Each structure stands twice: as C-alpha cells, then as structure tokens.
Number of protein chains: 2
Amino acid sequence: MHTHFQTTQSHADPDVIDFGAGHPGDALLPLTLMQAAAAQRLALPDASLLQYGLEQGDGYFRHALAAFLSRRYAAPIDMDHLFVSSGASQALDLICTLYTQPGDVIFVEEPTYFLALRIFADHRLKVTPIATDAQGLDIDALEAALANQRPKLLYIIPTHQNPSGATLPLERRQRLVALSMQHNFLIVADEVYHLLSYAAAPPPALATFADSGTVLGLGSFSKILAPGLRLGWVQAAPQHMTRLYTSGLLDSGGGLNPFTSALVRVVLEEGWEDAYLDKLHATYRQRIAALDAALQAELGDRVHYLTPAGGYFFWLRLPDALDSETLLQRAAAYKVSFRPGVRFSGCGGLRNYMRLSFAFYEDAQLREGVRRLRTALDSLPASV
Amino acid sequence: MHTHFQTTQSHADPDVIDFGAGHPGDALLPLTLMQAAAAQRLALPDASLLQYGLEQGDGYFRHALAAFLSRRYAAPIDMDHLFVSSGASQALDLICTLYTQPGDVIFVEEPTYFLALRIFADHRLKVTPIATDAQGLDIDALEAALANQRPKLLYIIPTHQNPSGATLPLERRQRLVALSMQHNFLIVADEVYHLLSYAAAPPPALATFADSGTVLGLGSFSKILAPGLRLGWVQAAPQHMTRLYTSGLLDSGGGLNPFTSALVRVVLEEGWEDAYLDKLHATYRQRIAALDAALQAELGDRVHYLTPAGGYFFWLRLPDALDSETLLQRAAAYKVSFRPGVRFSGCGGLRNYMRLSFAFYEDAQLREGVRRLRTALDSLPASV
C-alpha cells in the first residue's frame, strides 16, 4: 500500500472537528449495500452497462427512479421528464454551457451555496444576490429586482437551503413560477435536500412545476446514497430534456453514468433506497437533537438559529459585531472548524453568520465540537 | 422486466450491419473482469470510494494509472500530471469552458471527429479546418493558417486518427509543439486510440510533450476497457492540472469518478488491463485482416485506403463523382450502414469518403457487411 500521497478529498487534520464537512462520515455510507447491488447486477449476462448508454440515461434506471420519486414526492413523475446527470454540480455546469453566455446576469439567493458561485464564475456570469428571510427567497425583493434586470436564470435551493436551512412555502413557489413565466427566465432548482426532510413533508418540489417550461429541478444520489457515485438527475419539460441530451457532450460520450446507474437501479428496484433513506432520516434527526441541545447548553443566547427540519446544516447568527472569520482563525487553536457566513454571500456580507454541518460526525463529536467552539468564543477579546 | 421503452444508446435495427458503430460489441466487453474487480474492492472495509473524491482524482488510482501509462507509453509519467476525467468528451467540454469564450477561433483537422465539432458548437467556437495528408496534420498548412489567425486551441487526434487512421510522425509532432509555443495556442490531443496500436509502436504520445506547457493529452478507458465506466484522464503540465481541479465543477462535486476509478484501480494493479488490452489487440488485428480481405475481394479498385495500423476505422476513398450520402441512402435497402465522409468535414467536403468501423462486429459479419455494400454500390446508376 502507498500512503505517501494524498488520496481523498478530505485534507483535514483528523484531530480537528470540522463542522464544514458537508457530507456523511464513512460509517454512514452504504458500502455493504453497494457491494450487494454490484454482485447482483454484474452476475447478469448483460454487458449493456459497459456500453455508451442512451443519452438521456438508461430507460430501466429512469423507470425505477420515476417510480421512486413519484412515491417520495407524492406526485406522478414521468420517466421521460428525467435526464440522468453525473451529479447536481455537473448538471448545473451543463445548463450554464447550454443556456447562458459570458456576461449574462443570473440571480441567486443571499445566502447561497458557495460552490455554485464558483461554477457561475467559470462561465463568467454576472451574479445578482436576492434577499431571503426565514421562509427562503423574498419574492417581493425578486419582483423589485426584475423591474431593473432580466436574468437568464435564477438559481435557488428551495428546500432545507444550504446554508440557511429555510424552506420556501408553497405560495412563494407558485409566485416564483408565475414570475418566471411572466419575465421569461429559467428557475434552476437545486433540490438535493428535498428528500432529507426529517419532520413534516416539505411543500411540493419545484421540479413538480416543470410543466411551466421554466423549471429545471436538480436531484442527486450524493445526499441520499453516496457522493462518490456521481449520479444525479434533472427533471424538466420535454423541450429541456431534448436540449440536454442532444448536446455535444452527450452526443459524443453517450449517457453520463451507465455503469453506476445500473447498480443504483438494483438499489431502487429492491427497495433498498427507501430503507437506507429511513435510516438516514433517523440518524440525522438524532444528530440535529444532539447539536441543538449542545448549542443551547454551551452557547445559549450568544447564537440565534432556527432548528433545521431537514438537510445538513445549522445556520447560526452571532452578535452583529462578531466576524465569524475572526472566530474561525481563533478556532484553529482549539481544533474546531466551520464555514464562515461570508463564503455564502454574493456580495461580501453575512459576516456574523456561520454554518455548521451535522452530517459528518456522530453525536459525541458534535457535542465536543460545540464545547471547543464555546472555548474559542470565550477566548476572543470582549470587544468583538 | 419492462421492454416498452428505449433503454440503450443502440437505436439500430439488429438486422442492419452498421459500420458506423464506433464501439466494441457486447461480447468483447469485460463484464467478468469488472465483476471480479467490484467483488474485490467492495469487500474491503473502506468506504472512501463512496465519498466526494480528491478533485484531481484518487491518488492510488492515479499512481496505478501512471505506472500503467509509463509502461505502455515507454516514457515516465508523473501521477501529479494526471487529472481524472469522466471520459475524453467530458474533458474536452471542461477545457472549452475553462480556456475558451464564445467566438474564439479553434483549429481542427480536416477530417476530424464529428462529435467533437458538436461540443465546440455548444461552446459557440469558430472552427477552422486545417488540411491533413496520409501522415496526419499538414504542418505547412497549419503554419500558413497561423499567419492569418490566432487560435485559442488546436484539437487533434494524432494517433490512428478518427476517421482517417493517420498517425502523425515524430518530426511533425515536434514541429507542432514548437509552433504552439511560438504562437501561444493550446494543443488538445485526443489520444484515445494511442494504446490501440496493433503493429509497430506509434511515435511518442503528444501528452509526453506536456512539459512544453501547451499540450493537454486526453486519454480514456472507453476504448481500452469499457465506455460505460465514463472514466478518462488528462495529462498536462502542473499549471493546467491546477486550472482543471480548482474549477467550480470540481470544487463543488469533488473528483469526477471516485467509484469507478476505485474499481479500475484493481484492474490496473492486478495486471488485468494489460491482459485485456493484449486480447483486444489480437481481436482487432484479426478483424482488420478480415475487413481488408473482404474489401479487396468485393470492391477491389473501386475504393482506396490505407490499411489501419490501430484504432477502430477504415477510411475509404470512393470515385470522385460518388457522394457517399447517396450510397448511404441506397445502402439502407441492403441493410448496411456507415458514416459518410461529409460528417467529418469542418467545411462540407469529403463527400467521396466513408468511414467503416471494425470494432463492433465479428469477422463473418464484417464480410457480410462488405458484400451488402458491394451490392448497394452495384445498384447505383452507372453515372454516379
């Protein structure tokens, strides 16, 4: 075995509790399940999963995915409105290539997922942040912005938002879709946390409004099965399906993930995905309770937040005068880390916010991490 | 089982012999080998292949790939100069996003791979075709074009070209690299057929000139293992590695193929790739002989071509007055198909050429296909 070179994305010091890690820990990943799926599928005398696949994605897989989503979204999903991607990031990148040009204006939420901003930067798009509140995108603020600017698309994380955890209510979803039709812009809805709802069912996925012709809904197995599979989907109206699967990338390379989608088809058809998702829900529900209790006990009214009802994140507001990047620097000495709020801002704001993920660590580590955070906070001069 | 919807890329009538199919038939694909690799890897208590992977690609995989390439290229390859892609098409798409803007001029060979032209069209690039001859790109023609135009990049298939089968000699490779440095353009070398050399060793891969800083070499497991894995690599100088793995797509999604690259690592480390490649060479060598003999017997001096020494394709020149699209329409009635030359032209030319792939069919079908082609040709009016 070779251990003298870096092998995984995790660059972290194992002694540090990094609340920045927005992915599950190894113990939570479905290794045994994928072993069983691979054994079952690869024993079949059918090599089609090794061929260039159908550009839209394997039909059997899309059929199984449509059945799964119809059940989980409690809405009928047509397999012909699903396009198989190699993850939400790849889908977002492809949409930027096909639907935008450098210099185009796009709207994002303030705050938004900071790595989406990196993809938009590579496509040289001009990003305008739109205000949000505890219920997600502020539709009045959107309407005001539309009076001055005509965006090509709006990128939104409508359910259990990253980082804020906010979920857009049905009435705002309806107004948003109406505005997109009226002002002729696309809604790219990153709904990767939609199926990670631990309490009440969320409002209908924005993807279920795809008949409007203005909505492209992005889903991913990264959050509900395993990031390393690089498997996701786009749900949209037929004209967008055609645009995606007749692109040069698809025409040349064939389907984006024939091999892993064939294995995940087994996971879906055998009902293993439902069972695994139930396990994730139970685990994350418990971690939220642990982190919530620790934050109350250690930090009390020094932080404010809404306890998340889904997704991966707590979004904490600190006292106005406190810059979370200052706290982050101090936190290094106490072996704890997190993502400072400014990373999620489209305009350099949100300096008194911080994002904590509860997906990576078990309860005891979450509690220890909060203790370290409190110690780091206590060590700051009283003036900040 | 559901059979009422389309499931794979193969839209073909099974009764048609389609020389257009540029991929191996199912029987040639390494299903048993991938079954063994998955069983071995997924039995290990190591879930790292299910995580977001290192952006540049898993280190163990790149280590194994560098060892394999060093042996097969007979040149030392540094694992830090390898970036893991999800196939050559995806790599080409990413390079277009990061290195070009709509309206930029790029140079391609005339003829070139027609689906690469589709990717360039999605990025709204202006394509200038440069002449080739039996030894590939005409460097004098390139030099003349450089006097008038400044391309962002040149896209070239230097070894066993698709469609022509031509291989660029060492002296032309050296002149090409020197010109790229002098005129400051990138060479994107699509070298997916380099390891499919059935006779003498080809000249050094263009990727081995990466120290120039102007060459990005694209490789892929699609041609040497299985297209459905969606696994390839870019070999380039460190500054290009950094540009690729710090892009928004990678920063957000992590490595492009952690799961399948972990399985293919087993294939490489166990020496199975070498054995499989030897089998491919023997098979394709035999198919070339079969197709060559059939063409001589059935079509004689009605077609002209150089017998390929590698890759997948015969590139046939028909009589000047014959348009291969006319022949293609006629061929449908005789249950045979191919790719007409005009598809590979950047300027609507090459109408008296046709491309035949020998990768998909076994010897007897190749012979039968040529008989059908001859009958189709015989059925055309004498004037064409």
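Visitor: Explain the relation of the copies chain B and chain A to me, using residue names and the numbers behind them.
Guide: For the match of chain B to chain A, the screw axis carries a shift of 0.0 Å, the RMSD comes to 0.0 Å, and the turn is 180°. Such a combination of turn and shift is consistent with a two-fold rotation axis. The fraction of interface residues of chain B whose copies in chain A are also interface residues reaches 100%, indicating that both copies meet through the same surface.

Visitor: I'd like to hear about helix H4 (residues 114-122) of chain A, residue by residue, with values.
Guide: All names here are of chain A. Burial analysis of H4 places seven of its nine residues in the buried class, the great majority of the element. Taken together, the buried positions of H4 are occupied by Phe114, Leu115, Ala116, Leu117, Ile119, Phe120 and Asp122. At the exit of H4 stands Arg124, carrying a positive phi of roughly 55°.

Visitor: Break down the sheet that holds strand E10 (residues 313-317) of chain B for me, with residues and values.
Guide: Residue and element names in this part refer to chain B. What the three strands build is an open sheet, ordered E10-E13-E12; its pairing is antiparallel. Every other strand in the sheet has two partners, leaving E10 and strand E12 (339-340) as the edge strands with one partner each. As paired strands, E10 and strand E13 (residues 353-357) are joined by five bridges and run antiparallel to one another. Bridge pairing in E13 places Phe313 opposite Ser357.

Visitor: Describe the pairing of strand E4 (residues 126-133) of chain A, naming the residues involved and giving the relevant values.
Guide: Residues and elements named next belong to chain A. Of the strand pairs in this sheet, strand E3 (residues 105-110) and E4 are connected by six bridges, and their pairing is parallel. Bridge assignment links Glu109 to a residue of E4, and that residue is Ile130. Since E3 and E4 lie parallel, the crossover through H4 that links them has a hand, and here it is right-handed. Here E4 runs beside strand E5 (residues 136-137); their pairing, made up of two bridges, is antiparallel. Bridge pairing in E5 places Asp133 opposite Gly136.

Visitor: Outline the side chain of Ser89 of chain A, supporting the account with residue identities and numerical values.
Guide: Mapped onto the secondary structure, Ser89 of chain A falls in helix H3 (residues 88-99). Here the side chain of Ser89 of chain A touches Ser252 of chain B through a polar contact of 2.6 Å, side chain to side chain. Ignoring sequence-local partners within four residues, the contact set of Ser89 of chain A consists of Ile119 of chain A together with Leu249, Ser252 and Gly253 of chain B.

Visitor: Would you mind going over the interface of chain B and chain A in detail, with residue names and values included?
Guide: Contacts between the two partners involve 80 residues from chain B, matched on the other side by 80 residues from chain A. Regarding the contact of chain B and chain A, the summed buried area is about 6,600 Å², with carbon and sulfur atoms giving 58% of it. For the pair chain B and chain A, the number of links is four salt bridges. The salt bridge partner of Asp251 of chain A is Arg118 of chain B, with a shortest N-O separation of 2.5 Å. The interface formed by chain B and chain A holds 32 residue pairs in polar contact (both at pLDDT 80 or more) in total. Broken down by secondary-structure element, the contributors of at least two residues to the side of chain B that touches chain A are helix H1 (31-42), helix H2 (59-73), helix H3 (88-99), helix H4 (114-122), helix H8 (248-253) and helix H9 (258-269) of chain B.

About the criteria used
- Residues numbered from 1 in each chain as written.
- Chains lettered and ligands numbered in written order.
- Predicted model: local features only at pLDDT ≥ 70, side-chain atom pairs only at ≥ 80, totals over all residues.
- Heavy atoms only, no water.
- Least-squares fit on C-alpha atoms with pLDDT ≥ 70 in both.
- Contact = heavy atoms within 4.5 Å.
- Buried < 20%, exposed > 50% of the residue type's maximum accessible area, 1.4 Å probe, protein only.
- Helix = DSSP H or I, 4+ residues; strand = E, 2+ residues; numbered from the N terminus.
- Pairing = 2+ DSSP bridges.
- Right-handed = clockwise from strand over helix to strand, strands pointing away.
- Polar contact = N/O pair within 3.5 Å; in protein donor to acceptor, adjacent residues only side chain to side chain.
- Buried area = accessible area lost by both parts, 1.4 Å probe.
- Salt bridge = Lys/Arg side-chain N within 4 Å of Asp/Glu carboxyl O.

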